[in-house]
Amino acid sequence: MKKNIFYLCIFCFFFQLDAQKQCWVLFKYKGNFNSNIEIKDSSLLPVNSCFLRILKETGVLVINESKWINAVYIEATNKQIKLLNKLPFVKEIVYQSKLKISVCTSNPVKNQLAESEILRRQISFMQGEKFVKKNITGKGVKIGVIDIGFAGYKNTKELNHLITGGHIKAAKSFSNDGLEFGFQKNHGTEVLSCLAGKTDSVNIGLATEADYYLATYRKVSELIAALEWFHEQGVMIVNNSTKIDFSYFNKDDLNGEKLLATRALAEAAKNGMLIFSSVGNEGGNFWRYLVAPADAKGIISVGSISPITNLRSSFSSFGPSFDKRIKPELTAVGEAVVANQNKLIGANGTSYSTPLLAGFAACAWQLHPLLSKDSLYQHLLKAGNLYPYFDYAHGYGIPQANYFIQLNVSATKTNDIAPIIFEEKNDSLFFFVNKLFFEHLINENSDGIFSSDIKLIHQKLALIYNGKLMKREGNYKLKAEEEDLNGENYVFYHLADEFGFLKKYYVLKLENENIFFLLKSSIKSGYTLRICFKGYTLEKKF
Amino acid sequence: MSKTYILLFLFLVNSIVFSQKLILEELPEKILQEPIYGLKGKHFVFAFYEFNLLGNSKLNDTITIAGFRSSVQNVGLRYKLKLASKMSLITDFSYRYKSAFINQKDNRFPDTLFYTKERINFNQICLAAAFRFLYSRKNIFFGKHIDLGFTAAYNFSSSRITKQTITTVNSQFNKQTIKNYERHLNYIFPFEVDPFISFGFEKFQFKFQYRITDSFTNINSINIGDLPRFIFGVNMSLIGT
C-alpha cells in the first residue's frame, strides 16, 4: 500500500497544483488605472508602478518587465495566477517561457563553387562592391546583433579590425550562460562575420566599420530585454538570426500578433529600429513555412538564395505570414562563406543571408543618413531586383546598391525597351520576349564579337544566346559579372487577387521566346498578373 | 465537342510552342494549411519504444515481484489521426514483452516450491486505441496532451524459467544449478486488456496502465494469484513521417 501511495505521489508531482510557473502578465493600460484611459503608442513609458505593486502584494516574483509590450514576467503558483486573472488591469496571461530558441542554420550542401567565388558572389549579388569602391562601410551606424553565442569573436582574424578599431561597443549576455554557450556557440560569431568580416583581399560582409552591440539570449523574456537594451543604446539596425522552434506553434499562430517574441520585434520596429530576421530554414522539410519571429510586422524577414542558381535555396522557408503579408520581404545569399575563431567555412542558412542584408542596409543608411527608418525600409524593398514583382519565396528579390547610389540622381538613364511584350487575340493573351531589348543590350556593348553574331542571334533566339555568350566570352567577363543576376533567363510571374494576395506564382527558365499564353476567361476580374524578366515587371490587370 | 478539340489544340500549342522549364510552382494557400502528414499533420505515423515497470501491490492474491528487474517493453508503430484542433485518435500496433521476476520470499507460484530465481515471460501482440486531448500549458504542469485509452493484447507465447541452486556435498562442485524452462503454459489467460492514461509530449510521455483482466486461469480450481496490475513507464517515439 505504501508503494501505491508512492506512485500516486509521483503522479501528482507532475500534475501538482501548486507548481511554480513562469509566465507573462500583460496589462491593459499604461496610464492611470482609475481613469480607464488606454494610452496608445506609449511604448516608451515604463510599466505602471501601481500594477507592479499590486502584483507583488499577491506574492508573485517579478523577474522582468517590458515597457514595449506593457507586461511583466513573473513566477507564480496556479492559485496566484488565478488571482491575477481576476485583476481588472490584467489583459492576458501568456505562457511562452519554455519556447525553444534555436538558430537558422541548415546542413551544409556540397557547393560547386570555390570559396573565393562564393565570397565574391555573396557581396556582388547585392552590388556590394559598389559600396566598397565608394568606401561606404556602414560607418556611424549602430547595429545590434542578437544571438545565442559569440564564442571566440575576439580571436577571429576576420573580425580583428572591429576589435582594434573599437567598433564592438558593448557585449551583454541576457541569459545566465554568458556569451559563449551551447552547441551552437559559434553561431553569433559567424553571423557577425557576415555583417562585418573581411579577409585580406575581400569582404565577407559590408558593414565593416559600423558600431556593434552584441547580446545573447536563451529565452523569449531575454530577447525582449535585449531589444529594449538595444533601443537604450541607440541601435539603428538589429540582426536576428535565431528562431523559435516550430514544434511550439501552429501556422495560424504566425499572424504577427500571437507570439510574444514576434510582438517584441514589431515593437522594436515601431520604435525606430530596422529589424532583420531570418525567415527560417524549413523550406526543405514538411513544415516548409516560415518560423517565428519572422512573422513580425514592420520588420524585414530575409530568405536565402543560392549563389549558383540565383533562386531560392532549397532550405529557405516560404511565406506569406498567416494574415497574408509578404514574407520574406527580401533575399540574399544564404549559402555563404563565414568566419569563426578557427577558419573560414562554408555555411548554409537564412542565418547568414540576414546579416549580409543588414550590413547592406547599414551602408545604405550611411549613404543616405537623412532617411528615416520607415523610408529606408521602403527604399530597401524598392531596391529589390524583382520589385515591384514579389513572391513568397524570393520576396522583392535582392536589393541592389545601384538603387541607393542613384537615389538622389534626378536624371537616370533608363532603357525604354521592355524585355517582355504581349499580344491580345480574342480571349487569349500571348506573352513574348522582346528581341529588340536584347539587340539594344548587345549593341550597347558591341565591339566586334557581339556585332558579328547578331545575325546568328536572330536565328537562334536572342535571349538564350545572350545568356550563354555572356558567360563564355572572356572579353565580356566583367560585364557578365555585373549581370550575374540577369545571367540566367528566369521569368517570374504571379497572379494576385484583388487584395494583393498571390493565388499562385511560378519561376520559369526560358527555353523559348514565347513565354506563355493565358485564356482571359480563366482569370477572375480584379486579379493582377505580374511578369518579371530581366528586372522589368509587366503588370496586367483583369 | 468542338470546344474539346479547341482546348486540346490549345493544350498542344501550349506544350510545344510555349515549352519552358518550370523551376518553381507554388500555391500559397496550400502552404498556409496545416501539413497533412508529419508531427503536426493530420496523419502521423511513427515507431515507438515503451519501457514500463510493474508496480507491486499488497492485495491478497497478488504475487510479489522483484520490482526493478521486472519490466514490460513495447516496440511498435503508432498512427495518430487529428480529429479536431485539440483532439486526436491514437492507434498502436506493437509487440510487447513482459517479464516478471517472482519474489520467492513470501509467494510461491504456481507450485509450492521455493526457487533461487523464478521468472515468467509473456510475448504479446498488442492493439491500442486512445483519444488524445491537447491541453493548454497553463492548466497542467507537464506536457502538451493527455491520452485516455486501452490496450488489448494477445499472449501468443509464454514461458516460465526457474533456477534452483542446490548445495551438494558429495559432488566435486559445492553448488549445482538446475535451470528449468517451461513453455506452452496452460494456466495463462490468453487475452489482456489494460486501460491507460498517458501524458507528456509527442516524443516523450509518461504512461500509467492498469490491467483489468487476470493473468492466470485457475489450476484445478486453485487460485494461484495474479501478477501486479499496475504498470507505469515511459513511451518514446523513434522515427516518424
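Residue positions are given per chain, counted from 1 along the sequence in the order it is written. Chain labels run from A onward and ligand labels from 1 onward, assigned in the order the entries are written. For this predicted model, a pLDDT threshold of at least 70 governs which residues receive local features, and a threshold of 80 or more governs which side-chain atom pairs are given and counted, while totals over whole chains, interfaces and linings are taken from all residues. Side-chain descriptors were evaluated using all non-hydrogen atoms of the structure, hydrogens and water having been removed beforehand.

### Some thoughts on the overall build of chain A
Argument step 1. Each helix is a run of H or I in the DSSP string that is no shorter than four residues. Each strand is a run of E no shorter than two, and both are numbered from the N terminus. Within chain A, the secondary structure is distributed over 16 helices and 22 strands.
Argument step 2. When accessible area is computed with a 1.4 Å probe and restricted to protein chains, residues below 20% of their type maximum are described as buried, those above 50% as exposed, and intermediate ones as partly exposed. For chain A, the proportion of its 542 residues judged to be buried stands at 58%.
Argument step 3. The long-range fraction of contacts in chain A, counting pairs at least 24 apart against all pairs at least 6 apart in sequence, stands at 75%.
Argument step 4. To measure how exposed things are, a 1.4 Å probe is used in the Shrake-Rupley method; for residues, cover is taken only from the protein chains shown. When the accessible area of chain A is evaluated, it comes to approximately 22500 Å², of which 51% is carbon and sulfur surface. Contact criterion: two residues are considered in contact whenever any of their non-hydrogen atoms come within 4.5 Å of each other.

### Quick notes on the sheet that holds strand β1 (residues 21–27) of chain A
Residues and elements named next belong to chain A.
Argument step 1. Two strands pair under a simple rule: DSSP has to find at least two bridges between them. In spatial order, the strands read β2-β3-β1-β4; together these 4 strands make up an open sheet with antiparallel pairing. Only two strands of the sheet have a single neighbouring strand rather than two, namely β2 (61–66) and β4 (90–94). Each strand of the sheet is rotated relative to its neighbour by a mean of 25°, with strand direction disregarded.
Argument step 2. Axes here mean lines fitted to C-alpha atoms, for a helix over just the part in contact, with angles spanning 0 to 180 degrees between N-to-C directions. Across the sheet, helix α8 (residues 220–232) is in contact with β1, β2 and β3 (71–76); its angle to β2 comes to roughly 45°.

### Some words on the environment of Y135 of chain B
Argument step 1. Note that Y135 of chain B resides in the loop between β5 (117–134) and β6 (145–167).
Argument step 2. Separated by 44 residues in sequence, Y135 of chain B and T91 of chain B have C-alpha atoms that sit 20 Å apart.

### Things to note about the packing of aromatic side chains
Argument step 1. Side-chain rings of Phe, Tyr and Trp (the six-membered ring for Trp) are treated as a pair once their centres are within 6.5 Å; stacked means planes under 30 degrees apart, edge-to-face means over 60, and tilted covers the remaining angles. Summed over the entire model, instances satisfying the criterion amount to 34 aromatic pairs over all chains.
Argument step 2. Between F44 of chain B and F46 of chain B, the aromatic rings sit 4.8 Å apart at their centres with planes inclined by 35°, giving tilted as the arrangement.
Argument step 3. Among the aromatic side chains, those forming a connected cluster through ring pairs are Y387, F390, Y392, Y396, F501 and Y505 of chain A.
Argument step 4. Only Lys NZ and Arg CZ are tested; either one counts as a charge over a ring when it is within 6 Å of the ring centre and within 35 degrees of the ring normal. Directly above the aromatic system of F430 of chain A lies the positively charged group of K425 of chain A, at a separation of 5.5 Å from the ring centroid.
Argument step 5. Directly above the ring of F48 of chain B sits R78 of chain B, whose terminal nitrogen or CZ lies 5.2 Å from the centroid.

### Describing the pairing of β6 of chain B
On a regular strand, one side chain projects to one face of the sheet and the next to the other, so that they alternate.
Residues and elements named next belong to chain B.
Argument step 1. In this structure, β5 lies alongside β6, joined through 18 bridges in antiparallel fashion. By the bridge assignment for β6, I120 is matched with R160.
Argument step 2. Looking at chain direction, β6 and strand β7 (residues 175–183) are connected through 9 bridges and run antiparallel. When the sheet's bridge partners are listed, I161 is paired in β7 with Y181.

### Structural notes on the packing of helix α10 (residues 350–367) of chain A against helix α11 (residues 373–382) of chain A
All names here are of chain A.
Argument step 1. The contact between α10 and α11 brings their axes to 11 Å, and the two run at 120°. The angle between α10 and α11 falls in the class oblique. Classified by chirality, the crossing of α11 by α10 is right-handed. Packed against α10, whose contacting residues are F360, A361, A364 and W365, the element α11 presents K373, L376 and L380 at the interface.
Argument step 2. Residue polarity follows a fixed list, in which Ala, Val, Leu, Ile, Met, Phe, Trp, Tyr, Cys and Pro are nonpolar, Asp, Glu, Lys and Arg are charged, and the others, Gly among them, are polar. Of the residues contributing to the contact of α10 with α11, the split by class is 6 nonpolar, no polar and 1 charged. Should an angle lie under 35 degrees it is considered roughly parallel, over 145 roughly antiparallel, and from 65 to 115 roughly perpendicular; all remaining angles are considered oblique. Throughout, a crossing is termed right-handed when the near helix is turned clockwise from the far one, and left-handed when it is turned anticlockwise from it by less than a right angle.

### Quick notes on the pattern of salt bridges
Argument step 1. Salt bridge, as applied in this entry: a Lys or Arg side-chain nitrogen positioned within 4 Å of an Asp or Glu carboxyl oxygen. According to the stated counting rule, one finds 30 salt bridges over all chains in the structure shown.
Argument step 2. Salt-bridge contacts for E329 of chain A lead to K327 of chain A; the nearest nitrogen and oxygen are separated by 3.1 Å.
Argument step 3. A relative accessible area of 0% places K327 of chain A in the buried class.
Argument step 4. Among the ionic contacts, a cluster of salt bridges with common partners joins K80, R132, D147 and E202 of chain B.

### Re the packing of α8 of chain A against helix α9 (residues 260–270) of chain A
Residues and elements named next belong to chain A.
Argument step 1. Closest axis-to-axis distance for the α8/α9 pair is 9 Å, and the angle between their directions is 5°. The orientation of α8 with respect to α9, classified from their angle, is roughly parallel. When α8 is examined against α9, the residues V220, L223, I224 and L227 are found in contact with a partner set consisting of L260, A261, A264, L265 and A268.
Argument step 2. Residue classes in the contact of α8 with α9 are distributed as 9 nonpolar, no polar and no charged.

### Remarks on α8 of chain A
Residues and elements named next belong to chain A.
Argument step 1. Its 13 residues place the ends of α8 19 Å apart at the C-alpha level, agreeing with the 18 Å of an ideal helix rising 1.5 Å per residue.
Argument step 2. The buried count for α8 comes to 10 of 13 residues, which makes it a mostly enclosed element.
Argument step 3. Along α8, the residues classified as buried are V220, S221, E222, L223, I224, A226, L227, E228, W229 and F230.
Argument step 4. Count one or two residues on from α8 and you reach G234, which has phi positive near 80°. Take the residue count of a helix, subtract one, and multiply by 1.5 Å to get its expected span.

### Here we look at the nonpolar core
Residue and element names in this part refer to chain A.
Argument step 1. Residues grouped as a nonpolar core are buried Ala, Val, Leu, Ile, Met, Phe, Trp, Tyr and Cys residues, joined through side-chain atoms within 4.5 Å. Ranked by size, the top nonpolar core spans 122 residues in total, and within it I143, Y212, F230, I237, L274, F276 and L380 carry the most contacts.
Argument step 2. At 10 residues, α10 tops the list of elements feeding residues into this core.
Argument step 3. Beyond its immediate stretch of four places on either side in the chain, I237 contacts V141, K142, I143, G144, L274, F276, A358, A361, A362 and W365.

### Regarding the side chain of R96 of chain B
All names here are of chain B.
Argument step 1. For R96, the position within the fold is in strand β4 (residues 87–101).
Argument step 2. On the basis of relative accessible area, R96 is assigned to the buried category, the value being 0%.
Argument step 3. A polar contact is formed between the side chain of R96 and the side chain of E192, at a distance of 3.0 Å.
Argument step 4. Those residues in contact with R96, other than ones at most four positions away along the chain, are V72, Q73, N74, F122, N123, Q124, C126, T151, A153, E192, D194 and Q209. Polar contact is defined as a pair of N or O atoms within 3.5 Å, subject to the rule that within protein one atom must be able to donate a hydrogen and the other to accept it, and that residues adjacent in sequence are counted only when both atoms are side-chain atoms.

### Comments concerning the side chain of H167 of chain A
All names here are of chain A.
Argument step 1. In this fold, H167 is placed in the loop between α6 (160–164) and β7 (168–173).
Argument step 2. On the basis of relative accessibility, which here comes to 14%, the residue H167 falls in the buried class.
Argument step 3. Discounting chain neighbours no more than four positions away, the residues touching H167 are H161, L162, T208, E209, A210, D211 and Y212.

### Some words on the sheet that holds strand β9 (residues 237–240) of chain A
Residues and elements named next belong to chain A.
Argument step 1. Read from one edge to the other, the open sheet built from 7 strands follows the order β7-β8-β6-β9-β11-β12-β13, with strand pairing classed as parallel. Two strands in the sheet have a free side with no partner beyond their single neighbour: β7 and β13 (330–333). Adjacent strand axes in the sheet meet at a mean angle of 25°, parallel and antiparallel pairs treated alike.
Argument step 2. Here 4 bridges tie strand β12 (residues 300–305) to β13, and the two strands are oriented parallel to one another. Each residue of the ladder has a partner; that of V302, found in β13, is L330.
Argument step 3. Along the sheet, α8 makes contact with β6 (142–147), β7, β8 (211–216) and β9, crossing β8 at roughly 160°.

### Quick word on the environment of N121 of chain B
All names here are of chain B.
Argument step 1. With respect to the helices and strands, the residue N121 is situated in strand β5.
Argument step 2. On the basis of relative accessible area, N121 is assigned to the buried category, the value being 6%.
Argument step 3. Ignoring anything within four residues of it in the chain, the contact list for N121 reads Y97, K98, S99, S157, S158, S159 and I161.
Argument step 4. A polar contact is formed between the side chain of N121 and the side chain of Y97, at a distance of 3.5 Å.

### Examining the confidence of the model for chain A
Argument step 1. Values of pLDDT, ranging from 0 to 100, describe the predictor's confidence in every residue of the model. Across chain A, pLDDT averages 81, with 80% of residues at or above 70.
Argument step 2. Considering only residues more than four positions removed or in separate chains, one finds that residues 446–486 of chain A, a stretch of pLDDT under 50, has 61 contacts.

### Here we look at the environment of I74 of chain A
Residue and element names in this part refer to chain A.
Argument step 1. In this fold, I74 is placed in strand β3.
Argument step 2. Take I74: its relative accessible area is 0%, and that puts it in the buried class.
Argument step 3. The spatial distance from the C-alpha of I74 to the C-alpha of N255 is 25 Å, given a sequence separation of 181 residues.

### Remarks on a nonpolar patch on the surface
Residues and elements named next belong to chain B.
Argument step 1. Together, F93, Y95, I125, L127, Y154, F156, F189 and F191 make up a nonpolar patch on the protein surface, roughly 770 Å² of accessible area in all.
Argument step 2. Those elements that provide at least two residues to the nonpolar patch are β4, β5 and β6.
Argument step 3. If you trace the backbone, Y95 turns up in strand β4. Like charges within 9 Å and nonpolar side chains (Val, Leu, Ile, Met, Phe, Trp, Tyr) within 5 Å are joined into patches, using only residues over 30% in relative accessible area that form no salt bridge.

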